[in-house]
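Descriptive structure summary
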Amino acid sequence: MVTHTKAAASARLSREERLTHALDDIAAMVAEIPETAAEWPGLPDGERAGFAAEWDNYMAGVTVLIGAYYEGDFTETQRDQLFALVREIESATPLLAQMGLHGPDLLNLGVLLHPERYENPVRR
Amino acid sequence: MTGSGRPRDEILARLVAANTRPGASDEERAVHRLILDAATDPARQLAAAELERVLQHIAGAGFDPLALERVRGNIVRLVRPDGREVQQGEYLPPAEAHYLRHCVARQEWPAGIGFAGYLAAIRQVIADPTSGVLVGRQYGVWQLTVVREARELLGPAGREWLVVEYRLRIGHWTTAHHLWRGLAQLDPPDKEDVRWLRTPRQLHPPD
């Protein structure tokens, strides 16, 4: 039984520490995608199920991080890390599709990452 | 049970057969029948004793003790419960892999909870009457999800809500982790055909 008293000893990381921790953690998972995609067809059902559930959760984490970025909570280094992470996920899109997984809700971050795709000058 | 009688029985029997591993116990089949009956018949409400029976079975199911999965993410070089270091490319039992990922690397659960403590905490969440219970399909496969506020299980980098997932076809837990976006993650597109068997109680509403 885990008690409230025991939990009190579990000091929370600061918000900045939690953001950095999350960026590092998600980046480590995303870096595994090529290898995991290669072995995906042969993975046992349980491992695929666990990975898919974790992946969805990690992608939810990316969306939360993007929201935090918009709120102005990021340092410059964290912003660069976040942008690099999103670009890496974007480049893994074909592999994710093979696995039946999806990327995060980018909350319009794409317009900052790839402004050229969104430029649509008004002609008069 | 609906009034359609035998056809419904046959449908359920087929559903249970398709969503239960070969060699499952009679109790596991009976529990899956209850889950799938409630999942596929909107008029079917599980009685309190039936839900209790389901949760008791799920609590005892644990992670698959016979499976092994390759280590992923940043759990390489972490210390395993037996004191050895995790090696690149190593295969671990799912219980250990999830403990290392969520308790040690991610720090979602309380610091120092330990391997046995993590498993005990999962059982505690499943047994907690304030936990929500929902059935739904993820990537097309039926799962039962138990969700609860983290409360005393909130670690240094934990989130407000946590889940335990039980996949019927496997007959074991497939993950137990904190939810980045809380209950919103239990909706489509992550889950389909969701039905709450019991809604969660929030004891600590957000400020």
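Look up a bit, the structure's there.
As a starting point, this report considers the structure included with it.

Definitions and limits used
- Residues numbered from 1 in each chain as written.
- Chains lettered and ligands numbered in written order.
- Predicted model: local features only at pLDDT ≥ 70, side-chain atom pairs only at ≥ 80, totals over all residues.
- Heavy atoms only, no water.
- Phe/Tyr/Trp six-rings, centres within 6.5 Å; stacked < 30°, edge-to-face > 60°.
- Helix = DSSP H or I, 4+ residues; strand = E, 2+ residues; numbered from the N terminus.
- Buried < 20%, exposed > 50% of the residue type's maximum accessible area, 1.4 Å probe, protein only.
- Expected span 1.5 Å × (residues − 1).
- Contact = heavy atoms within 4.5 Å.
- Salt bridge = Lys/Arg side-chain N within 4 Å of Asp/Glu carboxyl O.
- Core = buried A, V, L, I, M, F, W, Y, C linked by side-chain atoms within 4.5 Å.
- Buried area = accessible area lost by both parts, 1.4 Å probe.
- Polar contact = N/O pair within 3.5 Å; in protein donor to acceptor, adjacent residues only side chain to side chain.
- Nonpolar A, V, L, I, M, F, W, Y, C, P; charged D, E, K, R; others polar.

**Description of the packing of aromatic side chains**
Applying the stated criterion across every chain yields a total of 9 aromatic pairs over all chains. Their ring planes at 70° and their centres at 5.4 Å tell us that Tyr69 of chain A and Phe83 of chain A sit as a pair that is edge-to-face. Note that Tyr69 of chain A is positioned in helix α4 (residues 45–70) and Phe83 of chain A in helix α5 (residues 76–91), a separation of 14 residues in sequence. Look at Phe63 of chain B and Trp173 of chain B: their rings are 5.4 Å apart centre to centre, the planes differ by 80°, and that puts the pair in the edge-to-face class. Taken together, the residues span a long stretch of sequence, with Phe63 of chain B in the loop between α3 (48–61) and β1 (69–70) and Trp173 of chain B in strand β6 (residues 172–179) at a distance of 110 residues. Each of the two residues, Phe63 of chain B as well as Trp173 of chain B, counts as buried.

**Re helix α2 (residues 26–40) of chain B**
Residue and element names in this part refer to chain B. With 15 residues, α2 should cover 21 Å at 1.5 Å per step; its first-to-last C-alpha distance of 21 Å lies within 8% of that length. Taken residue by residue, α2 has Glu28, Val31, His32, Leu34, Ile35, Leu36, Asp37, Ala38 and Ala39 as its buried positions. In this structure, the buried side of α2 is in contact with α1 (6–18), α3, β3 (132–138), β4 (141–149), β5 (161–167) and β7 (192–198).

**Observations concerning the pattern of salt bridges**
Enumeration according to the criterion identifies 28 salt bridges over all chains in this entry. With its nearest N and O atoms 2.8 Å apart, the salt bridge here joins Glu27 of chain B to Arg53 of chain B. Of the two residues, Glu27 of chain B is situated in helix α2 and Arg53 of chain B in helix α3; the sequence distance between them amounts to 26 residues. Taking relative accessible area as the criterion, Arg53 of chain B reaches 36% and is therefore assigned partly exposed. For Glu108 of chain B, the salt bridge goes to Arg106 of chain B, with nearest N and O atoms at 3.4 Å. Sharing partners across several salt bridges, the network here consists of Glu32, Glu35, Glu39 and Glu47 of chain A together with Arg70 and Arg72 of chain B.

**A closer look at the nonpolar core**
Among the nonpolar cores identified, the biggest contains 51 residues, and Trp109, Tyr118, Ile122, Ile126, Leu144 and Trp173 of chain B are the most heavily contacted of them. Residues contacting Trp109 of chain B, with those up to four places away along its chain left out, are His102, Cys103, Tyr118, Ala121, Ile122, Leu153, Gly155, Pro156, Leu162, Ala176, His177 and His178 of chain B. Judged by nonpolar contacts, the second largest core, of 34 residues, contains Leu19, Leu23, Tyr58 and Ile66 of chain A.

**As for the interface of chain A and chain B**
Contacts between chain A and chain B engage 41 residues on the former and 45 residues on the latter. For the pair chain A and chain B, the summed buried surface comes to about 3600 Å²; carbon and sulfur atoms form 52% of the total. Remark: the boundary between chain A and chain B carries 8 salt bridges. The shortest N-O distance in the salt bridge between Arg167 of chain B and Asp45 of chain A comes to 2.9 Å. The interface formed by chain A and chain B includes 25 residue pairs in polar contact (both at pLDDT 80 or more). Where the side of chain A that touches chain B is concerned, the elements lending two or more residues are α1 (4–8), α2 (15–30), α3 (33–39) and α4 of chain A. It is α4 of chain A that provides the largest number of residues to the side of chain A that touches chain B, a total of 16 residues. Its residues assigned to classes, the side of chain A that touches chain B shows 18 nonpolar, 12 polar and 11 charged.

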